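Chain by chain, the residues:
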Amino acid sequence: MSVVIACLSQKGGVGKSTLARLIAWTYASAEWQVKICDFNTKQLTSVDWVAQRMAAGHKPEIAAEPYSSVKGFRKEQFDLLVVDGRPDSDNSSLEIARVADLCVLPTGLAIDDLKPQVMFANELRSKGIPRERILLVLNKITESAIAVTEARGYLRSAGYAVAETDLAAKTGYQMAQNAGRAIAETNFTSLNERADELAAEIVNRVNELPRIAA
Ligand SMILES: Nc1ncnc2c1ncn2[C@@H]1O[C@H](COP(=O)(O)OP(=O)(O)O)[C@@H](O)[C@H]1O
Ligand SMILES: [Mg+2]
């Protein structure tokens, strides 16, 4: 049975696809067989990205396919399924969260991003998803240390774990992804290290949790 890591949020543009690709790339680099299950069937961002990787000959290979349900997950032969969620989909998100070993919820620093993500996490909790299977990640942060501290405080007081490593808004991250690369494969060592740190945290967290049989 595959490990399942799901990147979810009801808002678009917060970093689901970015984190899904980072996670997929990290495990694939450790020689896991990885598939991204792209639930954003309108945009297929991750499917396109994988096609771009293939065309450019980037290694390691990562698979991706459009998905609209988790029904086939049990039969998958991959070591890891990374769900790239789609926005505005309570029901599909819940269905995904139920089979996910870990739900990764990216959010920006603005209260406009934080609040809906907390409400979404609360919704998952109310439907029986355990707190420890939810990890918030601060993405697209700016220089303001105060804003970061406040955002962390907000999420923690709502009862959620927040990744220690957050991701700055960087053109380098954007450009890497435009070129079919993960955010740990940019041209900038410091950016790659940061992305690697975040990925390591996610991997550690997954390793600490008992496996869910998808
Ligand atoms: N930390 C970051 N720095 C710069 N650009 C980012 C960062 N995170 C995401 N982006 C960019 O922001 C846009 C939205 O991110 P994406 O991961 O596609 O969000 P979602 O899948 O939640 O809609 C994409 O163009 C992506 O490349
Ligand atoms: Mg997306």
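Worth saying up front: this structure is predicted, and the values here are computed from it rather than measured.

### Observations concerning the overall build of the chain
Right, on to step 1. Counting secondary structure elements, the chain contains seven helices and seven strands.
Right, on to step 2. When the helices and strands of the chain are read in sequence order from the N terminus, they spell out β-α-β-α-β-β-α-β-α-β-α-β-α-α.
Right, on to step 3. Principal-axis analysis of the C-alpha atoms gives the chain an extent of 40 × 40 × 35 Å.
Right, on to step 4. Relative to its 214 residues, the chain shows a buried fraction of 53%.
Right, on to step 5. Long-range pairs, those at least 24 residues apart, make up 78% of the contacts in the chain with a sequence separation of at least 6.
Right, on to step 6. With an accessible surface of roughly 9800 Å², the chain has 50% of that area assigned to carbon and sulfur atoms.
Right, on to step 7. Counting 25 positive and 26 negative side-chain charges, the chain places the averaged centre of each group 5 Å from the other.

### Details of unusual backbone geometry
Residues apart from glycine generally show negative phi values, whereas peptide bonds are mostly found in trans.
Right, on to step 1. Note the cis peptide between Lys59 and Pro60, where omega equals -5 degrees.
Right, on to step 2. Checked against the element boundaries, Pro60 lands in the loop between α2 (45-56) and β3 (63-66).
Right, on to step 3. Phi at Leu44 is positive, roughly 50 degrees, even though this residue is not glycine.
Right, on to step 4. Among the structural elements, Leu44 can be located in the loop between β2 (34-38) and α2.

### With respect to α2
Right, on to step 1. Taking 1.5 Å of rise per residue, the 12 residues of α2 would be expected to cover 16 Å, and the 17 Å separating its terminal C-alpha atoms lies within 8% of that figure.
Right, on to step 2. Backbone geometry just downstream of α2 places Gly57 in the positive-phi region, at approximately 75 degrees.

### Things to note about the pairing of strand β5 (residues 102-107)
Right, on to step 1. Most of β5 is tucked away: six of the six residues are buried.
Right, on to step 2. Direction of pairing for strand β1 (residues 3-7) relative to β5: parallel, over a ladder of three bridges. Counterpart to Cys7 in the pairing with β5 is Val104.

### Thoughts on the packing of helix α1 (residues 16-29) against helix α7 (residues 189-208)
Right, on to step 1. The interhelical angle for the contact between α1 and α7, taken along N-to-C directions, is 75 degrees, at an axis separation of 10 Å. Between α1 and α7, the crossing angle belongs to the class labelled roughly perpendicular. On the side of α1, the interface is formed by Leu19, Leu22, Ile23, Trp25, Thr26 and Tyr27, while α7 contributes Ala195, Asp196, Leu198, Ala199, Ile202, Val203 and Val206.
Right, on to step 2. Taken together, the residues of the contact of α1 with α7 sort by class into 11 nonpolar, one polar and one charged.

### Regarding the site of ligand 1
Right, on to step 1. In the region of ligand 1, 15 residues are neighbours, and Gly13, Thr18, Asn139, Ala168 and Gln174 sit closest.
Right, on to step 2. Ser17 has a polar backbone atom sitting 2.9 Å from an oxygen atom of ligand 1.
Right, on to step 3. Between ligand 1 and Lys170, the relevant distance is 2.9 Å, taken from a nitrogen atom to a main-chain nitrogen or oxygen of the residue.
Right, on to step 4. Among the elements of the structure, α1 and α6 (171-178) are those that each provide at least two residues to the shell around ligand 1.
Right, on to step 5. Within the shell around ligand 1, the residues separate by chemical class into four nonpolar, eight polar and three charged.

### Some points on the pattern of salt bridges
Side chains that carry opposite charge are capable of pairing whenever their charged atoms lie near each other.
Right, on to step 1. Counted according to the given criterion, the structure contains 11 salt bridges.
Right, on to step 2. With its nearest N and O atoms 3.3 Å apart, the salt bridge here joins Glu76 to Lys35. One end of the pair, Glu76, is in the loop between β3 and β4 (80-84); the other, Lys35, is in strand β2, with 41 residues separating them in the sequence.
Right, on to step 3. Since its relative accessible area comes to 15%, Glu76 is described here as buried.
Right, on to step 4. What makes Lys35 buried here is its relative accessible area of 5%.

### Thoughts on the environment of Ala28
Right, on to step 1. Within the secondary structure layout, Ala28 lies in helix α1.
Right, on to step 2. Overall, Ala28 belongs to the buried group, its relative accessible area being 5%.
Right, on to step 3. For the pair Ala28 and Gly13, spaced 15 residues apart in sequence, the C-alpha to C-alpha distance is 24 Å.
Right, on to step 4. Among all residues touching Ala28, those that are not within four sequence positions of it are Val34, Pro60, Glu61 and Ile62.

Calculation criteria
- Residues numbered from 1 in each chain as written.
- Chains lettered and ligands numbered in written order.
- Predicted model: local features only at pLDDT ≥ 70, side-chain atom pairs only at ≥ 80, totals over all residues.
- Heavy atoms only, no water.
- Helix = DSSP H or I, 4+ residues; strand = E, 2+ residues; numbered from the N terminus.
- Buried < 20%, exposed > 50% of the residue type's maximum accessible area, 1.4 Å probe, protein only.
- Contact = heavy atoms within 4.5 Å.
- Areas by Shrake-Rupley, 256 points an atom, 1.4 Å probe, with all protein chains shown as cover.
- Lys, Arg positive; Asp, Glu negative; His and termini not counted.
- Charge placed at Lys NZ, Arg CZ, Asp CG, Glu CD.
- Expected span 1.5 Å × (residues − 1).
- Pairing = 2+ DSSP bridges.
- Axes fitted to C-alpha atoms, helices over the stretch in contact; angles between N-to-C directions.
- Parallel < 35°, antiparallel > 145°, perpendicular 65-115°, else oblique.
- Nonpolar A, V, L, I, M, F, W, Y, C, P; charged D, E, K, R; others polar.
- Near = heavy atom within 4 Å.
- Polar contact = N/O pair within 3.5 Å; in protein donor to acceptor, adjacent residues only side chain to side chain.
- Salt bridge = Lys/Arg side-chain N within 4 Å of Asp/Glu carboxyl O.

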